[in-house]
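# Understanding the architecture of this molecule
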Amino acid sequence: MIKVSVESNKSHISKISILGHADYEEYGKDIVCSSVSSIVTTTVNGIYEIDNTYLNVEAKDEGNMIITILKEDKICDKLINNMLSLLSELEESYPENIKVK
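Residues numbered from 1 in each chain as written. Predicted model: local features only at pLDDT ≥ 70, side-chain atom pairs only at ≥ 80, totals over all residues. Heavy atoms only, no water.

## Side note on the packing of helix H1 (residues 31-50) against helix H2 (residues 74-93)
- With their axes 10 Å apart at the nearest point, H1 and H2 run at an angle of 175 degrees to one another. Taken together, the axes of H1 and H2 lie roughly antiparallel to each other. Where H1 approaches H2, its residues Val32, Ser35, Val36, Ile39, Val40, Thr43, Ile47 and Ile50 are matched on the opposing element by Ile75, Cys76, Leu79, Ile80, Met83, Leu86, Leu87 and Leu90.
- A class-by-class count of the residues in the contact of H1 with H2 yields 14 nonpolar, two polar and no charged. (Axes fitted to C-alpha atoms, helices over the stretch in contact; angles between N-to-C directions. Helix = DSSP H or I, 4+ residues; strand = E, 2+ residues; numbered from the N terminus. Parallel < 35°, antiparallel > 145°, perpendicular 65-115°, else oblique. Contact = heavy atoms within 4.5 Å. Nonpolar A, V, L, I, M, F, W, Y, C, P; charged D, E, K, R; others polar.)

## Let's talk about the nonpolar core
- Val4, Ile16, Ile67, Ile80, Met83, Leu87 and Ile98 are the most contacted members of the largest nonpolar core, which has 25 residues in total.
- Residue assignment for this core shows that the elements contributing at least two residues are strand E1 (2-8), strand E2 (13-19), H1, strand E4 (64-69), H2 and strand E5 (98-100).
- Here the element with the most residues in this core is H1; it accounts for seven residues.
- What Val4 contacts, discounting residues up to four positions off in sequence, is Ile16, Ser17, Ile18, Leu84, Leu87, Ile98, Lys99, Val100 and Lys101. (Core = buried A, V, L, I, M, F, W, Y, C linked by side-chain atoms within 4.5 Å. Buried < 20%, exposed > 50% of the residue type's maximum accessible area, 1.4 Å probe, protein only.)

## Observations regarding the sheet that holds E1
- Spatially, the five strands line up as an open sheet ordered E3-E4-E2-E1-E5, and their pairing is mixed. On the outer flanks of this sheet lie strand E3 (55-61) and E5, each paired with one strand and no other. For this sheet the average axis-to-axis angle between neighbouring strands, irrespective of direction, equals 10 degrees.
- In terms of strand pairing, E1 meets E2 through six bridges, oriented antiparallel. In the strand pairing of E2, Ser8 is matched with Ile13.
- Here H1 sits on the sheet in contact with E1, E2, E3, E4 and E5, set at roughly 150 degrees to E3.
- Where H2 meets the sheet, it contacts E1, E2, E3, E4 and E5, and its direction lies at approximately 135 degrees from that of E5. (Pairing = 2+ DSSP bridges.)

## Focus on the layout of surface pockets
- What the largest pocket holds in volume is close to 460 Å³.
- Along the wall of the largest pocket there are 23 residues; nearest its centre are His21, Cys33, Ser37, Glu62 and Gly63.
- Broken down by secondary-structure element, the contributors of at least two residues to the lining of the largest pocket are H1, E3 and E4.
- Broken down by element, the lining of the largest pocket gets its largest block of residues, six residues, from H1.
- A class-by-class count of the residues in the lining of the largest pocket yields eight nonpolar, eight polar and seven charged. (1 Å grid on protein atoms, 1.4 Å probe; cavity = no way out; pocket = protein on both sides within 12 Å on 5 of 7 lines; lining within 4 Å. Points joined across faces, edges and corners; volume = space filled by probe spheres on them.)

## Focus on the packing of aromatic side chains
- With the rule as written, the count across this model stands at one aromatic pair.
- Ring geometry for Tyr24 against Tyr94: centres 5.3 Å apart, planes inclined by 85 degrees, an arrangement best described as edge-to-face. Remark: Tyr94 occurs in the loop between H2 and E5 and Tyr24 occurs in the loop between E2 and H1; sequence separation between them is 70 residues. (Phe/Tyr/Trp six-rings, centres within 6.5 Å; stacked < 30°, edge-to-face > 60°.)

Written as structure tokens, this is what we have:
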């Protein structure tokens, strides 16, 4: 199961951890893993185009990622919230494979 954990301080999200594997299907055919990768990669790349100092991405190993939000930015904050909304929608369709908390 992919576990998405969100940490926040008083005013905004400070860290997002994405850990594990969906185990929906074998490697290369797992649509849940592919969806998570697409959602997160598209969001991070979009944010880097706007402000490459907004976040830090640390890839732990295959399938594990820590995103640290370094500052507040109205547009980038909206992109992060959109990413989390898309991951939550994916959780609704595949509750055995992804958990957003």
